[in-house]
Amino acid sequence: MVVNSTSPMVVVANRLPFIVQKNAETGQLERKQCAGGLVTAVAPVVVETNGLWVGWSGRHLEDGDHDIPEANPKDNSPTAGLKSRQVIPVVLPKKQFDDYYNGCCNATFWPLFHSMPDRALFQSEKWEAYRQVNEHFAKLTVEAVVKLSETNPNSVPLVWLHDYHLMMAANSIRDRCDKLGLSIKMAFFLHIPFPSWDIMRLFPWDDELLQGILGCDSVGFHVEDYCLNFIDCCQRRLGCRVDREQMLVEHNGRTVSVHPLPISIPYDRFVSLAEKAPQVVKNNEQEQLLLGVDRLDYTKGLVHRIRAFETLLQKHPEHIEHVTFLQVAVPSRTDVKEYQELKEDLDQLIGRINGRFSTPNWSPIRYIYGCVSQEQLAAFYRDSSVAVVTPLRDGMNLVAKEFVACQVGEPGVLMLSPFAGAGTSMHEALLVNPYETDEFAEVMHRALTMPKDERELRMKQLRHREREHDVNYWLQSFLKSVDCLVDNNLTPGRLLPLREEDFSQFLASYVKESSRLALLLDYDGTLAPIAPHPDLARMPEETRRVLERLSHMPDVNVAIISGRSVENVKSMIGIEGITYAGCHGFEILHPDGTMFIHPVPHEYEVQLEQLKKQLQNDACNHGAWLEQKSSGITFHYREVPKDKQSEIMTLAQNMFQANDIKLHQSHMAYEARPPVTWDKGRAAIYLLRTLFGLDWCDRVSTIFAGDDKTDEDAMRALQGMAVTFRITTSPNLRTAATYRLPNTDAVLTMLKWVEKRLSSRLPVTNGLRSRKTSMSSIGNNSPPHPPSSPTRRSRSNSQSPSPTEPNKQMMVMTDQVYHQLISRKNSPPRISVSPLNTPTRSTV
Ligand code: ADQ
């Protein structure tokens, strides 16, 4: 096969394309071939592009001797051309590998992704092992990239991660390559189904997992349904912007493309095997064979199938002595109890049915428990009348395709489960629901008695499709999808930069033209980009102007909740008549000038004084400095040179500890906060109650935006009662926010959307362009229902347009309009709200 890849490829899979074993006689290590679609398709690309393969060799750290032997000179398998220098073996302690492979991959992801959550175990220590092993794979992959970059300095290697074993490696590979200044392309392909959001959300660390996969540039699944499930999960769990039509997901400022890439088989190879293989199974020409070929796995539906066969014999006794079921089952995961039990169940069931129906010259079921050669398998396929491929759930299923390829003589019939990926494209197969035993038996009967012309017609179509779409076609499609195919210039799909219109998807159903709105905003990293020194963190003038205009709109309340002191944040924002909450809400300056200060324990004040002195005298060196606030301090070490940082950090940590003050990590800074249960979340709720009363949630649409850990307190507190945005560029972050935004520019865009929305409150569509991108309600962090529309409170000087004045429908509060209004009316008075009687309120 000529591969035509523009890039050398690093394949990363759980296993190498062969197993390394010790020869019992010679004691030498040797390769044992594993045949399979992946190996047949991918190994030649690695050989041809002089690429590398990273994977487990079958040996553990304790086994010693990890050299990879060269291929046997007589080896003519697809991996024979793969030199040992092209193989990077993953060697791990047995226990760690077992926790990752059996504990997490097979006990959690395998059942969960096959939509069998009752069988899935969720164990944090196994998940931890999974992450660690993925990290190890990532490290070795980067070594492979370095190797390739040395030999091919002018090309960008293509890293191709395979399957559910390696969903957490991409971000680490990307980070490490970035640090080394190495460019790569990275793709992921999942060989099993990707479940629906309803199933996926059961996994306790689903957000991390999705973000792990999104570390790649391109993600492939067998069929479109799995792609859409994945996109749905990204949207609902992570709050990503997505485009279902183009199959794009935006995360962390990158666009990830999603592709349906149905895997297939080396078609011609199976045809030629079938043409040559001697007859092995049929007793006589009249005998009809039903064939099942599977790994012995609970997803493959073997028990359901054998039960249906029993029903067939019972309902259609004419098949007795004329039809035999041949089931070939490859032992799989034999050390796992569940699989041992499945084998016992199947043994018993087959024994019972054979006991019930056998005659002196005939037994209904022949059962081979073991691996058979591909030559033998091809003969089984060719000589069977019906292939019964009826998994309960299967990513694709290659057996269906192999059977079709081997129909070189009298055409047989394919029975296929709609729950296999293959069921979506092999339309001429007889589809059968494996759970419906009676119907299953009837379809078996229909297949066994199907007239030749119908069989010919169906099989012709099936074979034509599989011949066209064989494994090479799959590989070329993959290379095309990552723009690595020679002579194929593909412009990668991109989501357009975030625009005002996009916020209609996030907010339109929650913020109505008539809504009363509370805007709660953090300052640093939300309104102003993070700067090396707090004094340099300036809010763009445009943001200031939009905020100012919003603050003067009727029924809009703006509050800034910051970690800075209240005076400081007020001076940075510089807008009169809004609420300022400083020190994470410990001090709140209301628009009417009243001030709330949360009381702090005296003992803490004494300890804080002591800590301040120590930090000031001994730790404020090399650029470290202390920011003082009324109820806390922040020790900044951002400007400390890298080589001095750990010394300064340790010194400060020890001082916090010595004074018995809890250290809170902030952006390159340590904070001391009063040891009371008060945070941005409590402060946000307090603010909303103070401004709007106890039932604020029923009457006010609330938007919160913040960028750091302290803002998460507010996001959690407001969950279900506000739309919250987390500003983040982290590729892997757990957040309680409803949606993520990439930067402060996106916050400005959001504010502009809000302004436009509220400035055009008349009942008319304002011509917002509809886009393909969509943002539906999301699961854990789903946005709240909109509050019931308030009776509009009209400020005495507000210029609210009357609903009957169509010429004002599109009025937007521009700078000009705003200044005109201000000059005419002076500053609109704030509504003075009587403070609620809360036990923590004190006014100074
Ligand atoms: P599997 O679950 O292994 O693969 P499948 O696609 O059916 O399922 O592939 C099985 C392979 O094993 C076939 O190539 C078959 O010939 C071979 N085989 C089965 N029984 C055998 C026997 N007794 N002796 C020798 N060989 C035997 C996973 C996913 C699938 C997806 C593939 C490829 O679960 O849904 O189709 O990966 O992506």
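Residues numbered from 1 in each chain as written. Predicted model: local features only at pLDDT ≥ 70, side-chain atom pairs only at ≥ 80, totals over all residues. Heavy atoms only, no water.

For the protein chain, an unreviewed UniProt entry supplies the name Trehalose-6-phosphate synthase and the organism Penaeus japonicus.

Q: I'd like a rundown of the pattern of salt bridges, residues and numbers included.
A: Across all of its chains, the model carries 49 salt bridges by this definition. In this structure, D502 and R241 form a salt bridge, with 3.0 Å as the shortest nitrogen-oxygen distance. Taken together, the residues D502 in helix α16 (residues 502-507) and R241 in strand β9 (residues 241-243) connect sequence positions 261 residues apart. Considered together, D502 and R241 belong to a single accessibility category, that of buried residues. Here K343 and D347 are joined by a salt bridge, their closest N and O atoms 2.8 Å apart. With K343 and D347 both in helix α10 (residues 337-357) and four residues apart, this pair spans about one turn of that helix. The exposure class assigned to D347 is partly exposed, which follows from its relative accessible area of 31%. What emerges from the salt-bridge pattern is a single network uniting D206, D207, R237 and R734. (Salt bridge = Lys/Arg side-chain N within 4 Å of Asp/Glu carboxyl O. Helix = DSSP H or I, 4+ residues; strand = E, 2+ residues; numbered from the N terminus. Buried < 20%, exposed > 50% of the residue type's maximum accessible area, 1.4 Å probe, protein only.)

Q: How would you summarise the site of the ligand if you had to cite specific residues and measurements?
A: The immediate surroundings of the ligand are formed by 22 residues, with H191, V330, D394, M396 and E402 found nearest. In this structure, an oxygen atom belonging to the ligand sits 2.9 Å away from a side-chain N or O atom of R295. Take N397: an N or O atom from its main chain is 2.9 Å from an oxygen atom of the ligand. When the ligand is considered free in solution it has 720 Å² of accessible area, and contact with the protein chains removes 85% of it. Of all the secondary structure elements, the ones that give two or more residues to the shell around the ligand are β12 (288-295), β13 (323-330), α11 (374-383) and α12 (398-405). Along the lines of polarity and charge, the residues of the shell around the ligand split into twelve nonpolar, five polar and five charged. (Near = heavy atom within 4 Å. Polar contact = N/O pair within 3.5 Å; in protein donor to acceptor, adjacent residues only side chain to side chain. Areas by Shrake-Rupley, 256 points an atom, 1.4 Å probe, with all protein chains shown as cover. Nonpolar A, V, L, I, M, F, W, Y, C, P; charged D, E, K, R; others polar.)

Q: I'd like a rundown of the packing of helix α8 (residues 267-276) against α11, residues and numbers included.
A: Axis separation between α8 and α11 bottoms out at 8 Å; the angle between their running directions is 80°. Between α8 and α11, the interaxial angle falls into the category roughly perpendicular. Two secondary-structure elements touch here, α8 through R269, F270, L273 and A274 and α11 through Q374, E375, A378, Y381 and R382. Its residues placed into classes, the contact of α8 with α11 shows five nonpolar, one polar and three charged. (Axes fitted to C-alpha atoms, helices over the stretch in contact; angles between N-to-C directions. Parallel < 35°, antiparallel > 145°, perpendicular 65-115°, else oblique. Contact = heavy atoms within 4.5 Å.)

Q: Outline the nonpolar core, listing residues and values.
A: Of all hydrophobic cores here, the largest spans 171 residues; its most connected members are F194 and L414. The element best represented in this core is helix α3 (residues 124-151), accounting for ten residues. Here this core gathers at least three residues from each of two domains, domain 1 (9-260) and domain 2 (269-465). What L414 contacts, discounting residues up to four positions off in sequence, is A387, V389, A400, F403, V404, M426, A429, L430 and L462. If you look at the next biggest cluster of nonpolar residues, it comprises 46 residues, including V511, I560, M595 and L748. (Core = buried A, V, L, I, M, F, W, Y, C linked by side-chain atoms within 4.5 Å. Domains from an automatic or database assignment.)

Q: Just give me the short version of the sheet that holds strand β29 (residues 739-741), but keep the residues and values in it.
A: Through backbone hydrogen bonds, the strands of a sheet pair up, either in parallel or in antiparallel fashion. The strand order β22-β21-β20-β19-β18-β27-β28-β29 describes an open sheet built from eight strands, whose pairing is mixed. Every other strand in the sheet has two partners, leaving β22 (595-597) and β29 as the edge strands with one partner each. When strand polarity is set aside, the average angle formed by the axes of neighbouring strands in this sheet is 15°. The strands that helix α18 (residues 566-573) touches are β19 (556-561), β20 (579-582), β21 (587-589) and β22; relative to β20, the one it contacts most, it runs at about 135°. (Pairing = 2+ DSSP bridges.)

Q: How would you summarise the packing of helix α17 (residues 541-551) against helix α24 (residues 744-759) if you had to cite specific residues and measurements?
A: One can describe the packing of α17 onto α24 by two numbers: an axis separation of 10 Å at closest approach and a directional angle of 30°. When the interaxial angle is binned, α17 and α24 end up roughly parallel. In this structure, α17 crosses over α24, and the sense of that crossing is left-handed. Here E542, T543, V546, L547, R549 and L550 of α17 lie close against α24, whose contacting residues are L748, L751, K752, V754 and E755. (Left-handed = near helix turned anticlockwise from the far one by under 90°.)

Q: Describe helix α20 (residues 642-658), with residues and values.
A: For α20, with 17 residues, the first-to-last C-alpha span of 25 Å sits near the 24 Å given by 1.5 Å per residue. Taken together, the buried positions of α20 are occupied by Q645, I648, A652, M655 and F656. The buried residues of α20 occupy an angular sector of 105° when the element is viewed end-on, so they sit on one face. For α20, the exposed residues set more than 90 degrees away from the buried face come down to D643, S646, Q657 and A658. Considering only its buried residues, α20 is in contact with α19 (602-619), β24 (633-636), β25 (663-666) and β26 (669-672). Once α20 ends, the next one or two residues include D660, with phi positive near 60°. (Expected span 1.5 Å × (residues − 1). Arc of directions from axis to C-beta.)

Q: So what's going on with unusual backbone geometry? Which residues, and what values?
A: With a phi angle near 55°, H584 is a residue other than glycine that sits in the positive phi range. Notably, D660 is not glycine yet its phi reads approximately 60°, a positive angle. Along the polypeptide, D660 turns up in the loop between α20 and β25. For D660, a relative accessible area of 62% puts it in the exposed group.

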